[in-house]
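Read off the chains here:
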Amino acid sequence: MFPNAAFFSERLEELVANAGEGLKCVILDAEAISDFDSTAAEAVENVDANLGRLGIDLWIARANKPLRDLLQ
């Protein structure tokens, strides 16, 4: 279980709500992500879907190769 998944989702939702009009993209700096399980994958998938409904892209930057392979 990825314990930060709920916090990540809630905090990102708050940041997006406070960003105001014109937000086009959220960039997740994944350099510090060393472990990624199914709970984390589900959280990112849900965040991506929610952002998509708002017309906002989710970009993942600096992901290590194992994480990139998993996200594929």
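Above: the structure in question.
What counts and what doesn't
- Residues numbered from 1 in each chain as written.
- Predicted model: local features only at pLDDT ≥ 70, side-chain atom pairs only at ≥ 80, totals over all residues.
- Heavy atoms only, no water.
- Helix = DSSP H or I, 4+ residues; strand = E, 2+ residues; numbered from the N terminus.
- Rg over C-alpha atoms; globule rule 2.2 N^0.38 Å.
- Buried < 20%, exposed > 50% of the residue type's maximum accessible area, 1.4 Å probe, protein only.
- Contact = heavy atoms within 4.5 Å.
- Lys, Arg positive; Asp, Glu negative; His and termini not counted.
- Charge placed at Lys NZ, Arg CZ, Asp CG, Glu CD.
- Expected span 1.5 Å × (residues − 1).
- Arc of directions from axis to C-beta.
- Pairing = 2+ DSSP bridges.
- Right-handed = clockwise from strand over helix to strand, strands pointing away.
- Salt bridge = Lys/Arg side-chain N within 4 Å of Asp/Glu carboxyl O.

### Some words on the overall build of the protein chain
Broken down by element type, the protein chain carries three helices and two strands. Over its C-alpha atoms the protein chain spans a radius of gyration of 12 Å, differing by no more than 12% from the 11 Å that the globule rule assigns to 72 residues. For the protein chain, the spread of C-alpha atoms along the principal axes amounts to about 35 × 20 × 20 Å. Residues counted as buried form 22% of the 72 residues belonging to the protein chain. When contacts within the protein chain are restricted to residue pairs at least 6 apart in sequence, long-range pairs at least 24 apart make up 82% of them. Positive and negative side-chain charges of the protein chain, numbering 6 and 13 respectively, have mean locations separated by a distance of 7 Å.

### Observations regarding helix α1 (residues 5-19)
The first and last C-alpha atoms of α1 sit 21 Å apart over 15 residues, in line with the 21 Å expected at 1.5 Å per residue. Within α1 the residues assigned to the buried category are Ala-5, Leu-12 and Val-16. Taken around the axis of α1, the buried residues stretch over an arc of 35°, which confines them to a single face. Opposite the packed face of α1, turned more than 90 degrees from it, sit the exposed residues Phe-7, Glu-10, Ala-17 and Asn-18. Along its buried surface, α1 packs onto β1 (25-29) and α2 (38-53).

### With respect to unusual backbone geometry
One non-glycine residue with positive phi stands out, namely Arg-62, at about 55°. Mapped onto the elements, Arg-62 comes out in the loop between β2 (57-61) and α3 (65-71).

### Details of the pairing of β2
Where β1 lies against β2, five bridges are found, and the strand directions are parallel. Directly across from Ile-27, in β2, lies its bridge partner Trp-59. For the handedness criterion, the β-α-β arrangement of β1, α2 and β2 is classed as right-handed.

### Describing the pattern of salt bridges
When the charged atoms of two side chains lie near each other, side chains of opposite charge can form a pair. Evaluation of the coordinates by the stated rule reveals four salt bridges. A salt bridge links Arg-62 to Asp-29, with the shortest nitrogen-to-oxygen separation between them at 2.6 Å. In this pair, Arg-62 sits in the loop between β2 and α3 while Asp-29 sits in strand β1, placing the two residues 33 residues apart along the sequence. Exposure remark for Asp-29: the relative accessible area of 41% places this residue in the partly exposed category. Residues Asp-69 and Lys-65 are paired through a salt bridge, measuring 3.1 Å at the closest nitrogen-oxygen approach. Of the two residues, Asp-69 and Lys-65 both sit in helix α3, four residues apart, roughly one turn of that helix. Bridged by salt links that share partners, the residues Asp-29, Glu-31 and Arg-62 form one connected network.

Keep in mind these values describe shape, not function.
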